[in-house]
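Tertiary structure, described
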Amino acid sequence: LTVVYLNTRKRSDVSCFNGACSKATMDVLAGLVGLDDPRIVLDLDHSGRKVSSSSRSEELAVYGANESVSGTVSLFVNGSLRYSRIFIEFRGETATKKCVPEEFFRMTRVLDNSGLVAGRKDWSFTFAEVDKDYETFESEHVRVRYFLRVNVIRYPPLAGVTRDFEVAVQNEQEHARVGLPSVVERTWADESAQFELRYKDLLDVRLQLPSQRMGINDQVQGQVEFVKVGLPINAVTVEIIRLEASESGAETQFDTTTEMGRVQVLDWEPILHTSVPVHLDFGSFPSLSP
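As the structure is a computational prediction, the values presented were derived from the model and not from experiment.

The helix and strand tally for the chain stands at one helix and 15 strands. Burial statistics for the chain: of 290 residues in total, 40% are counted as buried. In the chain, 65% of the contacts between residues at least 6 apart in sequence involve partners at least 24 apart.

Counting residues in each nonpolar core, the largest one holds 28 residues, and the members touching the most others are Val-73, Ile-88, Phe-90 and Leu-148. Mapped onto this core, the elements with two or more residues apiece are β1 (39–44), β3 (60–63), β4 (69–96), β5 (102–112), β6 (115–127), β8 (142–154) and β9 (161–169). Sorting elements by how many residues they give to this core places β4 first, with nine residues. Beyond its immediate stretch of four places on either side in the chain, Leu-148 contacts Leu-42, Leu-44, Val-69, Ile-88, Glu-89, Phe-90, Phe-125, Phe-127, Arg-163, Asp-164 and Phe-165.

Enumeration over the complete set of coordinates arrives at 16 salt bridges. Arg-91 is the partner of Glu-103 in a salt bridge, and the nearest nitrogen-oxygen pair spans 2.5 Å. With Glu-103 in strand β5 and Arg-91 in strand β4, this pair connects stretches of sequence that are 12 residues apart. A relative accessible area of 37% places Glu-103 in the partly exposed class. The exposure class assigned to Arg-91 is buried, which follows from its relative accessible area of 11%.

Bringing the side chain of Ser-74 into the picture now. Mapped onto the elements of the fold, Ser-74 is located in strand β4. The class of Ser-74 is buried, set by a relative accessible area of 5%. Within polar-contact distance, the side chain of Ser-74 engages the side chain of Asp-122 at 2.8 Å. Excluding its chain neighbours within four sequence positions, the residues that come into contact with Ser-74 are Arg-39, Ile-40, Val-41, Arg-120, Lys-121 and Asp-122.

Once that is clear, we can look at the packing of aromatic side chains. A complete count under the given rule lists eight aromatic pairs for this structure. An aromatic cluster of three or more residues is present, and its members are Phe-90, Phe-104, Phe-105, Phe-125, Phe-127, Tyr-134 and Tyr-146. A cation sits over an aromatic face here: Arg-39 above Phe-76, 4.6 Å from the ring centre. Over the face of the ring belonging to Phe-147 we find Arg-145, whose NZ or CZ atom lies 4.1 Å from the ring centre.

Another point: the environment of Val-100. Secondary-structure assignment places Val-100 in the loop between β4 and β5. Note on Val-100: relative accessible area 53%, which makes it exposed. Setting aside residues up to four positions removed in sequence, Val-100 forms contacts with Thr-94 and Ala-95.

Before going further, it helps to spend a moment on the sheet that holds strand β11 (residues 203–209). What links the strands of a sheet is backbone hydrogen bonding, and the strands pair in either a parallel or an antiparallel sense. The strand order across the open sheet built from four strands is β10-β11-β12-β15, with neighbouring strands paired in antiparallel fashion. Edge positions in the sheet fall to β10 (193–199) and β15 (275–281), since each has one partner strand and no second. Neighbouring strand axes in the sheet, compared pairwise and without regard to direction, differ in orientation by 20° on average. Bridge count for β11 against strand β12 (residues 219–229) is six bridges, and the pairing is antiparallel. Along β12, the bridge assignment pairs Val-205 with Phe-226.

Detailed reading of predicted coordinates is not advised where the pLDDT is low. Taken as a whole, the chain shows an average pLDDT of 76; of its residues, 75% reach a score of 70 or greater. Counting contacts from residues 1–16, a segment whose pLDDT is below 50, to residues more than four positions away or on other chains yields 33 contacts. Within the model, pLDDT remains below 50 along residues 174–190, and this stretch shows 29 contacts once partners closer than five positions in the same chain are excluded.

Rules used in this analysis
- Residues numbered from 1 in each chain as written.
- Predicted model: local features only at pLDDT ≥ 70, side-chain atom pairs only at ≥ 80, totals over all residues.
- Heavy atoms only, no water.
- Helix = DSSP H or I, 4+ residues; strand = E, 2+ residues; numbered from the N terminus.
- Buried < 20%, exposed > 50% of the residue type's maximum accessible area, 1.4 Å probe, protein only.
- Contact = heavy atoms within 4.5 Å.
- Core = buried A, V, L, I, M, F, W, Y, C linked by side-chain atoms within 4.5 Å.
- Salt bridge = Lys/Arg side-chain N within 4 Å of Asp/Glu carboxyl O.
- Polar contact = N/O pair within 3.5 Å; in protein donor to acceptor, adjacent residues only side chain to side chain.
- Phe/Tyr/Trp six-rings, centres within 6.5 Å; stacked < 30°, edge-to-face > 60°.
- Lys NZ or Arg CZ within 6 Å of the ring centre and 35° of its normal.
- Pairing = 2+ DSSP bridges.
- Axes fitted to C-alpha atoms, helices over the stretch in contact; angles between N-to-C directions.
- pLDDT = per-residue confidence, 0-100.

Here's what the structure looks like:
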């Protein structure tokens, strides 16, 4: 008698930055041990907003930095299934383009130690007031993600069944909420921001904003002032650029810039010593992240 043990719960060796290779590997294992049965479904107690993810088709539920995460885990089987343990983990990890995930956070709740499922069985869970230090972040080189992992340990020992459910974390105290006034007034300790564009003695254009720090959903009113115009100008735009720097010790691994969006200020030749208002709605740029 030859028994083959397949451990599908340990996935750190097959995880990828965009999740593609881990999914492909799990599909192969699913074909070997029949992971389509049982089926795991997670129903979150969440009525707040959701955000889209570039690496996943579904939207992710958004939680605050200290907000509790709760819900119900449902296990569906055709026939019956005996298990020795069922537990859920709330985990956070970072990953780089080199496909090396690193875990920085984990909490575990045991749903049941042993039992039998015939058709369907439900368990409720709560991770109360979890201190989530980092916000969800996804860019060209770096990814910070949070997810709930449901683990079913079969009895007698066979391949375990695992499924991940990703959520998003954003500190709502630092970002504007939906429904606030169109122009959000900040009370940061820092002063207003001013950016200046000069070219020799021929051009001097200044952009003024009310603060140096803004939330990803803020709507900010600024102005562009034309102090000196000695060159022909046909149009003026304000570009939002993301600078991404990934460092390991004193070494910078990645350093790239990406244009996230642009706002046209005017499309005619400006008049000297005039100011033109500019309205920046950061929530209108879906690819913007904390």
